[in-house]
Amino acid sequence: MVYIPHTEAERKAMLRTVGVGQIGELFEDIPEHVRYPDLELPRPCTEMEAIAELSEISSFNVNHQDTPVFLGAGAYRHYIPAVVDTILQRGEFLTAYTPYQPEVSQGTLQAIYEYQSMICALTGMDVANASHYDGATALAEAAIMALQIYRGKRTNILVLDTVHPHYLQTMKTYLQDAAEIQNASSIEELRLKIDDNTALVVVQSPDYLGRLRHIESFGDVARGAGALLAAVVNPISLGMIKAPGDSGADIVVGEGQPLGIPLSYGGPYLGFFATRNKHVRRMSGRIVGEAKDIDGNPGYVLTLSTREQHIRRERATSNICTNQGLMALAATVYLAALGKNGFEQVSKLCYHRAHYAAREIGDLDSFSIAYDEPFFNEFVVECPIAARDVNEQLLDNWGIIGGRDLGEDLSGMENHMLVAVTEMNSRDQIDQLVSALEEISNA
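In what follows, the accompanying structure is described. (Residues numbered from 1 in each chain as written. Predicted model: local features only at pLDDT ≥ 70, side-chain atom pairs only at ≥ 80, totals over all residues. Heavy atoms only, no water.)

1. Observations concerning the sheet that holds strand β6 (residues 251-255)
(1) Moving on: Spatial strand order, β1-β7-β6-β5-β4-β2-β3: seven strands in an open sheet with mixed pairing. Of all strands in the sheet, those with a lone pairing partner are β1 (127-128) and β3 (180-184), marking the two edges.
(2) Moving on: Taken together, the two bridges between β1 and strand β7 (residues 271-275) define a ladder with antiparallel strand orientation. Across the sheet, residue Ala 128 finds its bridge partner in β7, namely Ala 274.
(3) Moving on: Relative to β7, helix α6 (residues 135-149) is tilted by about 30°, and along the sheet it contacts β2 (156-160), β4 (198-204), β5 (228-232), β6 and β7. (Pairing = 2+ DSSP bridges. Helix = DSSP H or I, 4+ residues; strand = E, 2+ residues; numbered from the N terminus. Contact = heavy atoms within 4.5 Å. Axes fitted to C-alpha atoms, helices over the stretch in contact; angles between N-to-C directions.)

Now the structure itself:
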């Protein structure tokens, strides 16, 4: 069965409207010899046959529902309550677009307002937008905002070199020649490099190697030079770690995927962005505020930016236009479903299970924990062979998806693997990983 949406009469009406007699006339500008190439397509099949074939193809994929996963590095497998998808599938949210008209968009606007409020509560900041495409673009927008705040009088950005390399690449792409980006390997090197031309200092905690950074110390250095501090954070860690806003950060960004959004082959994801009140008019993205109608009832509107902010490039603080509203809604429902206590419990489960895994792996003869520093739910394992080979053996022999091969991003780290543990990794799975690593070391 083939579904054809238009009737013959409708097709004729459309052709009359565009001024042609038949569909073929629309393709006259295409050279005739390339109009209808022989594609050598397989024979047509029924819907039932197509589903059967696609199901067979998909069976070759590794399914994280049935496979222990210790891969993180920015995207994580967390439990997503069923209510999240139930709300997302509602038509008024699933197909909603830009909420310019508040009189017909109160549900969408209130959902965004609640999302902003929750992000502010998590990060300890005054205002949040809704939102960005992912954590990397959120950081790039933070850099652009910092340059705008200083009106071009400061053009340097200092980045701690343990910021996620994909975030750094994205920021460089956004900025091009607008700013000079320098790396610093430690707070001591940061003190040497920072000057009165530095607009922004960027630190990530937990960093790309899983280590917790002392945000307050970096904030002190940034403020001493009159610069802003942007903190990149894992939102799940904020269930038990001091909010970056309470540690002196001026801008807080990160990847919101852990907040009720599935891995989904890398997207769509959610970049959250929060800052201080004094910078709100320099912040890109949409902001929803609560107002009152003539009867004193609460209502929600887009605020603190004009329509031109979103539709006229030359008037905008950013080219971000389409809001990641559905992903922001997922994060909102996730946080509401867990509540404060549930969210804290998830955070602690990730922390304690990761530390159990690190202790067990650290006791193996040929594997060791690379850094003796505080971490949240990720840690670096030094392997006796290339991490790539360890991961191949884990998958082929034990059906385990191992950690991130750091050699793919960092020079000299080919024998290092970044292991991520979440609440989805049971003690049995962790013990299975340790046992597999032990066998690899004895081979």
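That shown, we press on.
2. So, the sheet that holds strand β11 (residues 378-382)
(1) Moving on: The four strands lie next to each other as β10-β11-β13-β12, forming an open sheet whose pairing is antiparallel. Each end of this open sheet is capped by a strand with a single partner; those strands are β10 (368-369) and β12 (404-405).
(2) Moving on: As paired strands, β12 and strand β13 (residues 416-420) are joined by two bridges and run antiparallel to one another. Paired with Arg 404 across the strands is Leu 418, a residue of β13.
(3) Moving on: Sitting on the sheet, helix α11 (residues 325-362) is in contact with β10 and β11, with an inclination near 10° to β11.
(4) Moving on: Running at roughly 50° to β13, helix α12 (residues 387-398) makes contact with β12 and β13 of the sheet.

3. Points about the packing of α12 against helix α13 (residues 427-442)
Two numbers describe a pair of packed helices, the interaxial angle and the distance between the axes.
(1) Moving on: At a minimum axis distance of 11 Å, the contact between α12 and α13 shows a crossing angle of 115°. When the axis of α12 is compared with that of α13, the two are roughly perpendicular. Note that α12 runs across α13; the crossing there is right-handed. Mapping the contact onto sequence places Val 390, Gln 393, Leu 394 and Trp 398 in α12 and Gln 432, Leu 433, Ala 436, Leu 437, Glu 439 and Ile 440 in α13.
(2) Moving on: Split into classes, the residues belonging to the contact of α12 with α13 amount to seven nonpolar, two polar and one charged. (Parallel < 35°, antiparallel > 145°, perpendicular 65-115°, else oblique. Left-handed = near helix turned anticlockwise from the far one by under 90°. Nonpolar A, V, L, I, M, F, W, Y, C, P; charged D, E, K, R; others polar.)

4. Notes on the packing of aromatic side chains
When we look at a pair of aromatic rings, we describe it by the centre distance and by the angle of the planes.
(1) Moving on: What the rule picks out here adds up to two aromatic pairs.
(2) Moving on: Each ring, one from Tyr 113 and one from Tyr 300, has its centre 5.2 Å from the other, and the planes form 50°; the classification is tilted. Placement of Tyr 113 in helix α5 (residues 106-123) and of Tyr 300 in strand β9 (residues 298-302) is noted, with a sequence separation of 187 residues between them.
(3) Moving on: Taking the relative accessible area as the measure of exposure, Tyr 113 reaches 23% and is therefore partly exposed.
(4) Moving on: For Tyr 300, a relative accessible area of 8% translates into the label buried.
(5) Moving on: Between Phe 375 and Phe 379 the ring centres are 5.5 Å apart and the planes differ by 50°, which places this aromatic pair in the tilted class.
(6) Moving on: Positioned above the aromatic ring of Tyr 371, the side-chain terminus of Arg 211 is 4.5 Å from the ring centre. (Phe/Tyr/Trp six-rings, centres within 6.5 Å; stacked < 30°, edge-to-face > 60°. Buried < 20%, exposed > 50% of the residue type's maximum accessible area, 1.4 Å probe, protein only. Lys NZ or Arg CZ within 6 Å of the ring centre and 35° of its normal.)

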